[in-house]
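Fold and geometry: a report
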Amino acid sequence: MKLSEAKEKYIQTWGTFATNWGINRTMAQVHALLLATGKPLSTDEVMEQLEISRGNANMNLRALMDWGIVRKEFIKGDRKEYFVAEKDVWFLFKQITKERRKREIEPVISFLEELKSIEDKDSEGAKEFIKLMDDFSSVTGKINNIMDLAIKSDDHWLVGKITNLLK
């Protein structure tokens, strides 16, 4: 397989995988393109290579910058905006984990706490319901704690912890 074919396959496959993780396919493809390219790309280059509209390119580049995994880079003498993806894979993992926790786990924790504040707590049905919400809260809290550890750790520490868990 030629390098150009491998890069194209990577970009397309990464976009497909992303939909399984709840991430916009085009956003993942833009990110993969920036990761696989050895130089900063302009919006026009992203549009051309992925065959997407300017609005779609702009929206996804902004979203990637909001996630903290893409940044603007200016090239002296050129008025265009260029974009570069963070290529430190461990940093990417931590940033994506941080964003997913903020968007997915933290709202669930708040939602479960709200559901436990029912008025008729003394009925048998209410007790069962509150117990169920407590169980969900416990699991979600543990997931949140694991994500927090991953965000705050360095790669060697977390790999060691995971290896110990698997033994």
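Scope of this entry: the structure provided in the associated data block. (Residues numbered from 1 in each chain as written. Predicted model: local features only at pLDDT ≥ 70, side-chain atom pairs only at ≥ 80, totals over all residues. Heavy atoms only, no water.)

1. Overview of the layout of surface pockets
- Of the volumes computed, that of the second largest pocket is approximately 220 Å³.
- Every residue lining the second largest pocket is listed: Trp14, Ala18, Trp21, Ile23, Met27, Ala28, His31, Leu64, Trp67, Ile69, Ile96 and Arg100.
- Of all the elements in the fold, those that place two or more residues in the lining of the second largest pocket are α1 (3-20), α2 (25-36) and α5 (89-115).
- A total of three residues in the lining of the second largest pocket trace back to one element, the largest contributor, which is α2. (1 Å grid on protein atoms, 1.4 Å probe; cavity = no way out; pocket = protein on both sides within 12 Å on 5 of 7 lines; lining within 4 Å. Points joined across faces, edges and corners; volume = space filled by probe spheres on them. Helix = DSSP H or I, 4+ residues; strand = E, 2+ residues; numbered from the N terminus.)

2. Overview of the pattern of salt bridges
- What the rule picks out here adds up to 15 salt bridges.
- Here Arg62 ties to Glu81 by a salt bridge, and the two come within 3.3 Å at their closest N and O atoms. In this pair, Arg62 is assigned in helix α4 (residues 54-66) and Glu81 in the loop between β2 (70-73) and β3 (82-85), connecting sequence segments 19 residues apart.
- Linking Arg71 and Glu73 is a salt bridge whose minimum nitrogen-to-oxygen distance equals 3.7 Å.
- A residue is classified by how much of its surface remains accessible, and Glu73, at 28% relative accessible area, is partly exposed. (Salt bridge = Lys/Arg side-chain N within 4 Å of Asp/Glu carboxyl O. Buried < 20%, exposed > 50% of the residue type's maximum accessible area, 1.4 Å probe, protein only.)

3. Observations regarding the packing of aromatic side chains
- This structure, assessed with the given rule, holds two aromatic pairs.
- On the numbers, 5.9 Å between centres and 35° between planes, the contact of Tyr10 with Trp14 is tilted. Separated by four residues within a single helix, Tyr10 and Trp14 lie in helix α1, roughly one turn from each other. (Phe/Tyr/Trp six-rings, centres within 6.5 Å; stacked < 30°, edge-to-face > 60°.)

4. Observations regarding the sheet that holds β3
- The sheet built from three strands is open, its strands ordered β1-β3-β2 with antiparallel pairing. A strand with exactly one partner marks an edge of an open sheet, and here the two such strands are β1 (41-42) and β2.
- Pairing of β1 with β3, which is carried by two bridges, proceeds in the antiparallel orientation. Paired with Ser42 across the bridge in β3 is Tyr82. (Pairing = 2+ DSSP bridges.)

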